[in-house]
Amino acid sequence: MKRVAAHIVVIDEQTFINHVVEFDEQGNIIKHYPLKQELPQTLWQQSLHIITK
């Protein structure tokens, strides 16, 4: 699993502020949720844009 946090996360056409996205080994989104606290083993980005379609 890979965890990425960013100030701005865009998934398809939805925009989230201060959000975390977790990916499986194939790069598919497992889940995403608001960033409430610092998490171990998290890659931090300014922005993240994901197209799932």
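Everything in this summary refers to the structure shown in the same document. All chains use their own residue numbering, which begins from 1 and follows the written sequence. The predicted nature of this model means local features are confined to residues of pLDDT at least 70 and side-chain atom pairs, given and counted, to a pLDDT of 80 or more, with totals for whole chains, interfaces and linings taken over all residues. As a convention, hydrogens and water are excluded, and side-chain values are obtained from all of the structure's heavy atoms.

## A short note on the pairing of strand β3 (residues 29-34)
Examined bridge by bridge, strand β2 (residues 14-23) and β3 share five bridges and lie antiparallel to one another. Bridge pairing links phenylalanine 23 to isoleucine 29 in β3. What sits between the antiparallel neighbours β2 and β3 is a turn of five residues, in which glycine 27 has the positive phi angle 90°. In this description, strands pair whenever DSSP reports at least two bridges between them. Helix and strand assignments follow DSSP, with helices taken as H or I runs no shorter than four residues and strands as E runs no shorter than two, numbered in order from the N terminus.

## Remarks on unusual backbone geometry
Of note, asparagine 18 is a non-glycine position whose phi angle comes to about 50°, a positive value. Tracing the backbone through its elements, the reader meets asparagine 18 in strand β2. The phi angle at glutamine 41 is positive, at roughly 55°, despite the residue not being glycine. Position of glutamine 41 among the secondary structure elements: in the loop between β3 and β4 (42-50).

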